[in-house]
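A structural walkthrough
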Amino acid sequence: MLLATKTHFNVDQDTLEKGQTEELGSSHSAQSPWTRLCRFLPTSQKIVQFADGRDPNPGDRIVYVAGAFDLFHVGHLDFLEKAKAEGDYMIVGLHTDQVVNRYKGSNYPIMNLHERTLCVLACRYVNEVVIGAPYTVTAELMDHFKVDIVCHGTTPLAQDSDGSDPYGEPKQRNKFKHIDSGNSLTTADIVGRIIENRLRYEERNMKKEAKEAAVYEAFMKTKQPAADN
C-alpha cells in the first residue's frame, strides 16, 4: 500500500503525465501514480456487502461529513462516532483521488477512492457513502440528501480551487458544526511513523552490514599469511 521511503513520499507532482490523475476516480483498472500498486476491482456486489443497506426513516436527523479518510484509523473512527451523535443517519462524502491530492499534496492519497470507500462503509457509524463527493458542500447536495447538519473535525480546512469556503452553504444555512473528537491522530502521523521506522531499519542494517564487512576483512587478513607460505 505504501512504499514508505522519503524519496517516494516526496515525489515531484509535476512528473505525473497529463490525464493520469483524471483516470483514478473513474477507472477500475487505474493504478495510483503515488503508490503504483493498486489493482482493486470494484463491483456493486462488493460495495453492497459493506453497505448499511437501509434508507433514513421519516423524521431522521441526517448528518453529512466529507473528507479523504485515507488509511482509515482510530482518529477517523472517533470523529465519525462524535458526528453520528449529532443525528440519526450519517452520510460520508469521499473526495476523489485527484481532489485529495490537490488539497493534501505530496503522495496523498495512499489508498485509492475504492479502497477508502470500503473502509468507511465498514464503519458501524456510517449509513451511506457518496463516492466522489464534491469538495464544496453545495446547496444541491444538501437538498438532495435532506441534510440537517454538516460536521467537520479539527483538521485544517483548505479553500476550494476558486478560493471559496467549501462549507459556505451549510454555514449560511446555520447547519454547520465543528466536531472535536478528542483524538489528534492523523494520516500524516501514521505515514511519519512508517517513514521513521523504515529509516531506522535501514540505518540498523547498514551498521550491521559494515560490521559484517569488517569481520570478513579481518578474517581474510588472518588467512593471508598462510596463503603466502
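Coordinates for the structure precede this section.
All values derive from a computational prediction rather than experimental measurement.

Calculation criteria
Residues numbered from 1 in each chain as written. Predicted model: local features only at pLDDT ≥ 70, side-chain atom pairs only at ≥ 80, totals over all residues. Heavy atoms only, no water. Patch = residues over 30% accessible without salt bridge, like charges linked within 9 Å, V, L, I, M, F, W, Y side chains within 5 Å. Areas by Shrake-Rupley, 256 points an atom, 1.4 Å probe, with all protein chains shown as cover. Salt bridge = Lys/Arg side-chain N within 4 Å of Asp/Glu carboxyl O. Helix = DSSP H or I, 4+ residues; strand = E, 2+ residues; numbered from the N terminus. Buried < 20%, exposed > 50% of the residue type's maximum accessible area, 1.4 Å probe, protein only. Polar contact = N/O pair within 3.5 Å; in protein donor to acceptor, adjacent residues only side chain to side chain. Core = buried A, V, L, I, M, F, W, Y, C linked by side-chain atoms within 4.5 Å. Contact = heavy atoms within 4.5 Å. Pairing = 2+ DSSP bridges. Axes fitted to C-alpha atoms, helices over the stretch in contact; angles between N-to-C directions. Phe/Tyr/Trp six-rings, centres within 6.5 Å; stacked < 30°, edge-to-face > 60°. Lys NZ or Arg CZ within 6 Å of the ring centre and 35° of its normal.

Focus on a nonpolar patch on the surface
- A surface patch of nonpolar side chains, amounting to about 330 Å² of accessible area, comprises Y216, F219 and M220.
- Note on placement: Y216 falls in helix 9 (residues 187–228).
- Classification of Y216 as exposed rests on a relative accessible area of 53%.

Side note on the pattern of salt bridges
- Inspection of the entire model under this criterion finds 11 salt bridges.
- Across the salt bridge formed by D160 and R102, the nearest N and O atoms sit 3.3 Å from each other. With D160 in the loop between strand 4 (149–152) and helix 8 (168–172) and R102 in helix 5 (residues 97–104), this pair connects stretches of sequence that are 58 residues apart.
- Using a relative accessible area of 17% as the deciding quantity, one classes D160 as buried.

Topic: the environment of D143
- Mapped onto the fold, D143 is located in helix 7 (residues 139–145).
- Using a relative accessible area of 47% as the deciding quantity, one classes D143 as partly exposed.
- Here the side chain of D143 touches R173 through a polar contact of 2.9 Å, side chain to side chain.

Remarks on unusual backbone geometry
- Residues Y108 and P109 are joined by a peptide bond in cis, for which omega reads 0 degrees.
- When you line up the elements, P109 lands in the loop between helix 5 and helix 6 (113–121).
- Backbone geometry places K146, a non-glycine residue, at a positive phi of 55 degrees.
- Its location among the elements puts K146 in the loop between helix 7 and strand 4.
- For K146, a relative accessible area of 60% puts it in the exposed group.
- Positive phi outside glycine occurs at N174, with the angle close to 60 degrees.
- Residue class for N174 comes out exposed when judged on its relative accessible area of 69%.

Some points on the nonpolar core
- The biggest cluster of nonpolar side chains holds 19 residues, and the ones touching the most others in it are V65, F69, L80, M90, V92 and V126.
- Secondary-structure elements contributing two or more residues to this core are strand 1 (62–67), helix 4 (74–84), strand 2 (89–94), helix 6 and strand 4.
- Excluding residues within four positions of it along the chain, F69 makes contact with H76, F79, L80, V92, L94, R116 and V120.

Structural notes on the sheet that holds strand 2
- Taken together, five strands build an open sheet; the order of strands is 3-2-1-4-5 and the sheet is parallel. This sheet does not close on itself; its edge strands, each paired only once, are strand 3 (128–131) and strand 5 (176–178). Direction aside, the axes of adjacent strands within the sheet are offset by 25 degrees on average.
- Examined bridge by bridge, strand 1 and strand 2 share six bridges and lie parallel to one another.

Things to note about the packing of aromatic side chains
- Per the counting criterion, the structure on display carries two aromatic pairs.
- Ring centres of Y167 and F176 lie 5.0 Å apart, and the angle between their planes is 40 degrees; this geometry places the pair in the tilted category.
- We classify F176 as buried; its relative accessible area is 17%.
- The aromatic ring of Y135 is capped on one face by R102, whose charged end is 5.2 Å from the ring centroid.

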